[in-house]
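# Structural overview for review
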Amino acid sequence: MATALMLASSVAAEDSSEPKFTIKPTGRILMDGAVYMGGNSDITDESGDKKFVDGVAIPDVRLGVKAGYGKWKAKIDIGFGYGKVSLKDIFLEYDFNESNLVKLGYFVPQFGLNSETSSSMKPSYEEPTSNEFFYANPRLLAASYVFDKGQYFAAVTAFAEANAMKQNATEMGKQGWGAQTRLVWRPRHADGDALQIGCSFNYSTPTENDHSAFSYTSNFPSRVSKVNLLTANIDHARGLFKMTPEILFMKGNIALEAQYYYMNVARKDGLRNYRAQGAYGLFRALLMGGNYGYNHADCGMATPAPRSLEVVLGYNYTNASDSRAGIYGGISNDASCTFNYYINKYMIARLRYSYTNVRDRYVDGLLPKRHVNTLEARLQIIF
């Protein structure tokens, strides 16, 4: 009898050491409304420049699942917006330990501060124009290694162009590729007290026009009306280099974050290289809800606690015009004020006012300069 009890105990111990398989649904819904003041002067029905139209929209709905088994993690996420279904995150992750992991699949690799928040979790309502124009955080078919320990964070990624998820290699004829890294030093990284500086680097081969050109574009920062802001088409391209230094400071219930962007596209056939640059800064303050938290794994600020009220003041400058290269994509400025109320763990209400302008833009079908004042609100549900 004692032997049987010992065997049963041994089996139970072995079973308890076996990793558990976990699975849970994920999703989000964004509900937006926007009013545009000005911005439609000189726009005619024949113009290629689109009009700003007041309205409401559900620009993003996502459903997916997360799964885990021991050191393995996986995620599948499908998005729906404006009548189109698209693939979002689809990846497999293996955590060697608390400090080292590898990720393989289709996801947003680490590159700058904005890679630590999803598109719906930007404190400034929408991502900064510079981050969008410089194509800083696209989803890519990639393999990534991340080191996260103490004062240091580093990520190294190799990737294929995003079209590899839409077309097979035969259809593409050739696949663009690239590599990038994010390196961060954070002498302070605790809740309510953080300071970090870092820099991200990227090299990519051409992806447009039979892999001999790059196309960079961004819209005015709103999803209800989608109106072009900056456009740069760079032909005779050999490859590009881009970088973005970052800084984050957090003390109690206030925080500052900023990034600078620089891009150089090397060109062939004797044409001058194309250079562009931009920068943004955010001042964040919690009017209600205590202090800010730090998210160690994502190397950035954590989402404020439920029932927190936050104000975010932002400014963005992007120069996509290079006279030496003969490419005038536009020079834009955007100033904004955003209020975020974190209703509970699953719901956030946002209200944003922004003034955005563009000048020095010489692109077929677009006016050389435009401006708009935008007031928009969003209710988002995320789980």
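Residues numbered from 1 in each chain as written. Predicted model: local features only at pLDDT ≥ 70, side-chain atom pairs only at ≥ 80, totals over all residues. Heavy atoms only, no water.

## Details of the side chain of aspartate 49
By secondary structure assignment, the location of aspartate 49 is in the loop between β1 (21–37) and β2 (55–69). Looking at aspartate 49, the relative accessible area reads 2%, which means it is buried. At 3.1 Å, the side chain of aspartate 49 forms a polar contact with the side chain of arginine 361. Beyond its immediate stretch of four places on either side in the chain, aspartate 49 contacts Ile43, Val227, Asn228, Arg361, Gly365, Leu366, Leu367 and Arg370. (Helix = DSSP H or I, 4+ residues; strand = E, 2+ residues; numbered from the N terminus. Buried < 20%, exposed > 50% of the residue type's maximum accessible area, 1.4 Å probe, protein only. Polar contact = N/O pair within 3.5 Å; in protein donor to acceptor, adjacent residues only side chain to side chain. Contact = heavy atoms within 4.5 Å.)

## A word on the nonpolar core
Ranked by internal contacts, the top residues of the largest apolar core, which has 47 residues, are Phe133, Ile234, Met263, Val265 and Tyr274. Broken down by secondary-structure element, the contributors of at least two residues to this core are β1, β7 (152–160), β10 (214–219), β11 (228–234), β12 (237–251), β13 (254–267), β14 (274–288) and β17 (308–322). Broken down by element, the residue count for this core peaks at 5 residues, all from β14. When sequence neighbours within four positions are dropped, the list of residues in contact with isoleucine 234 reads Ser212, Ala213, Phe214, Tyr216, Val265, Arg267, Tyr274 and Ile327. (Core = buried A, V, L, I, M, F, W, Y, C linked by side-chain atoms within 4.5 Å.)

## Regarding the pattern of salt bridges
Under the defined criterion, the tally for this structure stands at 22 salt bridges. Of the charged contacts in the structure, one is a salt bridge between arginine 370 and aspartate 49, with a shortest N-O distance of 3.3 Å. In this pair, arginine 370 sits in strand β20 (residues 370–382) while aspartate 49 sits in the loop between β1 and β2, placing the two residues 321 residues apart along the sequence. Between aspartate 235 and arginine 267 there is a salt bridge; the shortest N-O distance is 2.5 Å. Remark: arginine 267 occurs in strand β13 and aspartate 235 occurs in the loop between β11 and β12; sequence separation between them is 32 residues. Classification of aspartate 235 as partly exposed rests on a relative accessible area of 33%. Look at arginine 267 and you get buried, because its relative accessible area is 7%. Residues participating in the shared-partner salt-bridge network are Arg28, Asp60, Arg62 and Asp77. (Salt bridge = Lys/Arg side-chain N within 4 Å of Asp/Glu carboxyl O.)

## Points about the packing of aromatic side chains
Applying the stated criterion to the full structure yields 14 aromatic pairs. Each ring, one from phenylalanine 133 and one from phenylalanine 134, has its centre 5.2 Å from the other, and the planes form 85°; the classification is edge-to-face. As far as burial versus exposure is concerned, phenylalanine 133 and phenylalanine 134 are alike and both buried. Here tyrosine 135 and tyrosine 216 contribute two aromatic rings whose centre-to-centre distance is 6.5 Å and whose plane-to-plane angle is 80°, an arrangement assigned as edge-to-face. Of this pair, tyrosine 135 sits in the loop between α2 (129–133) and β6 (140–149) while tyrosine 216 sits in strand β10; the two residues are 81 residues apart in sequence, bridging distant segments of the chain. You can call tyrosine 216 buried: its relative accessible area is 6%. An aromatic cluster of at least three residues, connected via ring pairs, comprises Phe133, Phe134, Tyr135, Phe214, Tyr216, Tyr261 and Tyr280. If you follow lysine 103 out to its NZ or CZ, it ends over the ring of phenylalanine 107, 5.1 Å from the centre. We note arginine 378 situated over the ring of tyrosine 125; from NZ or CZ to the ring centre the distance is 4.3 Å. (Phe/Tyr/Trp six-rings, centres within 6.5 Å; stacked < 30°, edge-to-face > 60°. Lys NZ or Arg CZ within 6 Å of the ring centre and 35° of its normal.)

## Let's talk about the pairing of β2
One ladder, built from 13 bridges, connects β1 with β2; its direction is antiparallel. Note on β2: the bridge partner recorded for glycine 27 is leucine 63. Here β2 runs beside strand β3 (residues 72–81); their pairing, made up of 9 bridges, is antiparallel. Bridge pairing in β3 places tyrosine 69 opposite tryptophan 72. Counted between consecutive antiparallel strands, the loop separating β2 from β3 contains 2 residues, among which glycine 70 sits at a positive phi close to 60°. (Pairing = 2+ DSSP bridges.)

## A few points about the environment of isoleucine 76
Along the chain, isoleucine 76 falls in strand β3. On the basis of relative accessible area, isoleucine 76 is assigned to the partly exposed category, the value being 44%. Linking isoleucine 76 and alanine 190, residues 114 residues apart in sequence, is a C-alpha distance of 31 Å. For isoleucine 76, the contacting residues outside a window of four places in its chain are Leu63, Gly64, Val65, Asp89 and Ile90.

## Details of the side chain of arginine 350
When you line up the elements, arginine 350 lands in strand β19 (residues 347–361). Glutamate 310 provides the closest opposite charge to the buried, unpaired arginine 350, separated from it by 5.4 Å. Among the polar contacts made by the side chain of arginine 350, one reaches the side chain of asparagine 340 at a distance of 2.9 Å. Side-chain polar atoms of arginine 350 contact the side chain of glutamine 380, separated by 3.1 Å. In contact with arginine 350, not counting residues within four places along its chain, are Ser120, Met121, Lys122, Pro123, Tyr125, Phe339, Asn340, Tyr342, Glu376, Ala377, Arg378 and Gln380. (Lys, Arg positive; Asp, Glu negative; His and termini not counted.)

Remember, this is a structural readout, not a statement about activity or role.
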